[in-house]
Amino acid sequence: MEFISKINVLPKVPEKLSRLPELSKNLWWTWNYDAQEIFERIDEDLWVDVNRNPVLFLKKVSQKKLNEASENQAIVSLYSQVIEKFDKYMKAENTWFKSTHREYKGGEFAYFCAEYGLHESFPNYSGGLGVLAGDHLKSSSDLGIPLVAVGLLYKQGYFEQRINSEGWQEAIFNPYDFDNFPVIPVKDEEGNELFVTVEMDNRKVYAKIWKLQVGRINLIYLDTDIPQNDPEDRMITYQLYGGDQEMRIRQEILLGIGGVRALRAMGYNPSVWHMNEGHSAFLGLERIREFVQEKGLSFREAVQAAKSSAVFTTHTPVPAGHDAFPFHLMDRYFKNYWPQLKASRREFLDLGAEIRPDGSELFSMTTLALNLSSRANGVSKLHGEVSRDLAKDIWKGLEAVEVPITHVTNGVHATTWISKELQDLFTNYLGRDWHEKIDDPDLWKKIDNIPDEELWNVRKYLKKKLISFIHERTKLQRMRHGETVEQLEEIEEILNPNALTIGFARRFATYKRATLIFKDLDRLKKILNNPERPVQLIFAGKAHPADKPGQELIKRIYEISRMPEFKDKIVFIENYDMNVARHLVSGVDIWLNNPRRPREASGTSGQKAGMNGSPNFSVLDGWWVEGYNGKNGWAIGDERDYTDLELQDRIDSVSIYNTLEKEIVPLYYDHNEELGVSREWIKIMKESIISVTSFFNTHRMLKEYTQKLYMTAAELGEKFIKEDFKIARRFASWVELLERNWDSIRIKVLSNVNEDVVYATEGKIEVKAEVYLPGIGPDSILTQIVLAKLEDNKVISLKSFDMKLVKEVNKDTYLYEGEFEVDERGQYGWNVRVVPYNPIMPYQHYLIGFVKYPQ
Ligand SMILES: *Cc1c(COP(=O)(O)O)cnc(C)c1O
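The rules behind the values
Residues numbered from 1 in each chain as written. Predicted model: local features only at pLDDT ≥ 70, side-chain atom pairs only at ≥ 80, totals over all residues. Heavy atoms only, no water. Helix = DSSP H or I, 4+ residues; strand = E, 2+ residues; numbered from the N terminus. Contact = heavy atoms within 4.5 Å. Buried < 20%, exposed > 50% of the residue type's maximum accessible area, 1.4 Å probe, protein only. Near = heavy atom within 4 Å. Polar contact = N/O pair within 3.5 Å; in protein donor to acceptor, adjacent residues only side chain to side chain. Nonpolar A, V, L, I, M, F, W, Y, C, P; charged D, E, K, R; others polar. Domains from an automatic or database assignment. Phe/Tyr/Trp six-rings, centres within 6.5 Å; stacked < 30°, edge-to-face > 60°. Core = buried A, V, L, I, M, F, W, Y, C linked by side-chain atoms within 4.5 Å. Axes fitted to C-alpha atoms, helices over the stretch in contact; angles between N-to-C directions. Parallel < 35°, antiparallel > 145°, perpendicular 65-115°, else oblique. Left-handed = near helix turned anticlockwise from the far one by under 90°. pLDDT = per-residue confidence, 0-100. Pairing = 2+ DSSP bridges. Patch = residues over 30% accessible without salt bridge, like charges linked within 9 Å, V, L, I, M, F, W, Y side chains within 5 Å. Areas by Shrake-Rupley, 256 points an atom, 1.4 Å probe, with all protein chains shown as cover. Salt bridge = Lys/Arg side-chain N within 4 Å of Asp/Glu carboxyl O. Lys, Arg positive; Asp, Glu negative; His and termini not counted. Charge placed at Lys NZ, Arg CZ, Asp CG, Glu CD. UniProt positions renumbered as here; feature names shortened; annotations may be inferred.

Before going further, it helps to examine the environment of tryptophan 623. You can see tryptophan 623 is positioned in the loop between strand E20 (616–619) and helix H26 (624–627). The sequence separation of tryptophan 623 and serine 380 amounts to 243 residues, and the corresponding C-alpha distance is 5.6 Å. Every residue in contact with tryptophan 623, bar those within four places of it in the chain, is listed here: Ser380, Thr409, Ser602, Gly603, Gly606, Gln607, Asn616, Val692 and Phe696.

Helix H2 (residues 33–42) sits mainly inside the fold: seven of its 10 residues count as buried. Of the residues making up H2, those classed as buried are Tyr33, Ala35, Gln36, Glu37, Ile38, Phe39 and Ile42.

Around the ligand, the surrounding shell holds 14 residues, and the nearest of these are Trp417, Ala581, Thr604, Ser605 and Lys608. Take threonine 604: an N or O atom from its main chain is 3.1 Å from an oxygen atom of the ligand. The separation between an oxygen atom of the ligand and a polar side-chain atom of serine 605 is 2.6 Å. Taken together, the residues of the shell around the ligand break down into five nonpolar, five polar and four charged. Counting the residues that make up the shell around the ligand, at least three belong to each of domain 2 (98–410 + 703–726) and domain 3 (420–696).

Under the defined criterion, the tally for this structure stands at 49 aromatic pairs. Aromatic side chains phenylalanine 39 and tryptophan 47 sit 5.2 Å apart centroid to centroid with 10° between the ring planes, which places their arrangement in the stacked category. Note on accessibility: phenylalanine 39 and tryptophan 47 belong to one class, buried. Ring geometry for phenylalanine 695 and phenylalanine 696: centres 4.9 Å apart, planes at 80°, overall edge-to-face. An aromatic cluster of three or more residues is present, and its members are Phe282, Phe325, Phe334, Tyr337, Trp338, Phe348 and Phe363.

Let's shift gears to the nonpolar core. Core analysis: the biggest nonpolar cluster contains 179 residues, and Leu20, Tyr116, Phe282, Ile288, Phe334 and Phe348 have the highest contact counts within it. Counting residues in each nonpolar core, the second largest holds 94 residues, with Val412, Ile438, Ile560 and Ile590 among its members.

Turning to the packing of helix H11 (residues 283–295) against helix H12 (residues 299–308), a few remarks are in order. The N-to-C vectors of H11 and H12 enclose an angle of 125°; their axes lie 8 Å apart at closest approach. Here H12 runs oblique to H11, going by the angle between their axes. Seen along the crossing, H11 lies across H12 with a hand that is right-handed. Judged by residue contacts, Gly284, Arg287, Ile288, Phe291 and Val292 of H11 engage Phe299, Ala302, Val303, Ala305 and Ala306 from H12. Residue composition of the contact of H11 with H12, grouped by class: eight nonpolar, one polar and one charged.

The next subject is the confidence of the model for the protein chain. On average, residues of the protein chain carry a pLDDT of 95, and 99% of them reach 70 or more. Taken element by element, the predicted model of the protein chain shows its lowest mean pLDDT in helix H19 (residues 441–445) (90) and its highest in strand E1 (residues 109–112) (99).

A word on the sheet that holds strand E19 (residues 590–593). What the six strands build is an open sheet, ordered E18-E17-E16-E19-E20-E21; its pairing is parallel. Edge strands, defined here as strands with exactly one partner in the open sheet, are strand E18 (570–573) and strand E21 (633–636). Strand-to-strand, the axes of this sheet are offset by a mean angle of 20°, without reference to chain direction. Where helix H22 (residues 521–528) meets the sheet, its contacts fall on strand E17 (535–540) and E18, and the angle it forms with E17 comes to roughly 115°. Relative to the sheet, helix H23 (residues 548–561) contacts E17 and E18, its axis offset from that of E18 by approximately 135°.

For the peptide bond that leads from arginine 597 to proline 598, omega is -5°, which places it in the cis range. Take proline 598: it is sitting in the loop between E19 and helix H25 (605–611). For histidine 845, which is not glycine, the phi torsion reads 55° and is therefore positive.

This next bit is on the domain arrangement of the protein chain. Domain parsing of the protein chain yields domain 1 (15–91), domain 2 (98–410 + 703–726), domain 3 (420–696) and domain 4 (745–836). A separation of 53 Å is found between the C-alpha centroids of domain 3 and domain 4.

Turning our attention to the sheet that holds strand E26 (residues 804–810). The pairing of strands in a sheet comes from backbone hydrogen bonds and takes either a parallel or an antiparallel form. The strand order across the open sheet formed by four strands is E22-E23-E27-E26, and the pairing between neighbours is antiparallel. The two strands at the open ends of the sheet, each matched to only one other strand, are strand E22 (746–749) and E26. Strand-to-strand twist of the sheet, defined as the mean angle between neighbouring strand axes without regard to direction, takes the value 25°. Relative to strand E23 (residues 765–772), E22 runs antiparallel, the two sharing four bridges. Of the residues in E23, the one forming a bridge with lysine 748 is glutamate 770.

Judged by side-chain charge, Glu486, Glu489, Glu490, Glu492 and Glu493 come together as a negatively charged surface patch. Mapped onto the elements of the fold, glutamate 493 is located in the loop between helix H21 (485–489) and strand E16 (500–505). On the accessibility criterion, glutamate 493 (52% relative accessible area) is exposed.

According to UniProt, the "domain: DUF3417" (unreviewed entry) feature falls on residues 13–121. Each end of residues 13–121 is marked by a C-alpha atom, and these two atoms are 21 Å apart; helix forms 56% of the span and strand 4%.

Okay, here's the thing in structure tokens:
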């Protein structure tokens, strides 16, 4: 039949619940369980069916249920409380930022990331980076930090994982209808949808701008899947980390360049630009273009203006993990762009040029980001060290310990990740405002007020909840595999709620060594199958669709989980996402993490577990190097780096078995008679909750970002642009002077300390040097003695002492004198060097590539 037209009928939200649609479109609800409870109470089954997506829920809920809810006193009063809380939150004037930085008058802090993980119902993330970015926004909102975020809105998000009956991962891409998500199209004053354009390979690509509200924070999304674009360009925002290098460069152009344009189109004028990982580093180019085209700066001046106010966070501890593009791709995509920066091709490429070990030259996003930022950081103490070591080649001539990359250790957003039941306990025993004082150590002293029994009962409940969640998921999976009714009944036997339960969930990259615990299957079998002290294992995680070795690990675990001797004790739960993560981190007894050190930049899932009272059992890598205190969990292996990987695997796996057999299992089953639970275990659990929650939370992390990076970048940026860019211009011409003359600098060290042995505290060692400084002069440099402490010929720490200018001995040649003292025994190396000096610049080694040693 032909229809005259079609109509869509939506339920009408009753007056008494009138602001539910508004609530559904602000992700504030994702970290407020009381807000979620409203939907759950209206129709619990539907709430689960729609994957806890309130926008979809309000489209699908029956009018009858809505009407009933509006007549239900309990629901209406819960609703009123939540709305009141929400309004108070959104309007709060007494936030941490406002009270700590009263005097701040600058613009927003713009935060760019390729993915954001905010909730499982909005799957625009693949893993750790995205979840961290999501938590970054939530804490910024809680603390009142003036942040605005930019990302790409992926039509198919990241894939949904299914495991087939042979154990192979299948990747399913579902196209999303954004109408079912909390994103809102951004409109201009006339009510027209807002678009930006970027040029790519001689074509104009359009992007539609969307907005997502995360509490008080706006997340601005770009979307190219619109009719204005060619089919090929519509695909740019289809998949997260899908496609080839060409797709990658397009996505990164869209994020970096398109992102700046989107902020401008909406009227933002940020004071700080944060590149969270190198994917967004093209944003620096667009800011240079703006300065050149709109403010009349030269390329060099614009570079300095852009650099001063930008911040870069690196997340990858291996060179291969950093994006880099061949020059021919850069030529294709940027040949019409660099003229707009008034730069030559070579000047432009030099911003990101990196020579790889094989001699080839690539345009590296990390190099670009380091060149175009004033502050940079890694994401844990150890990762800071690793990053400095990787970047020392970029800084040419600096020892790793001097490379100006600091660290801000990752955290997680506590009210997102701590289970509702445990949060209720905290509210009862620590006070209603516990989450506002989360980084206050005094608060956590009160944890001892929580009776052991009560904490244990909550944990027991959460483990049961996890097991029934796994049963449901496994049932769906095995029905798909076509198993018989009898086979399906066996699912109920999987996992024992009283057994010590180990959780392992993460991306299946091979360095994470998901199968390490299976290295000695016989030994593991004995541990798991001890009738008095049973142990069981739960696994989850996705492998990248192109990562065959990662998928083989999944298959191997799946196969082991179906072996008769393991079938009820080992389970692989499919489609690891934030929902699965929440169940796991709160339901298992310990959290296993065994990456190949030092490959884990930080890791955050262990922090989620630790906060929930699931102690970590982890390699001393990433955050756990800082987190482990001897009382809050267990370490695997030692703080050693290996070159023989097989040896490392063997040693670490033996460490896992030994610790399980000798410490973890006996302690867990050391039941106190009346309590039926081990008091010593609860002590570790409590210590885990205190030590992890009080420090490894994103509130502490955001305060550090604000103080160490955002405020300093805002200040420097402001200094550079004021008075019509006076300082930027001056600084740029000074840098040019350095560049022209740097190679001609010569250093001749006159003193000679020949003695191999110097006794400690035996007095000062004097050094004289003649320095030839044509065209630069002594005011623009420092001549320094560098003194490095060595261990096995490796520099472990370094001091520098400025030398005094004595006189000009010849034209352009200056005599310097200095001294140093060594008061501790050991081996040292020393040298003399020249580094730039400019009173405008508070940071040493701000400029890359300017260190001169004697030749
Ligand atoms: C927390 C989280 C991650 C990151 O955890 P790692 O410890 O870095 O592996 C990845 N995926 C999901 C779904 C998460 O919730």
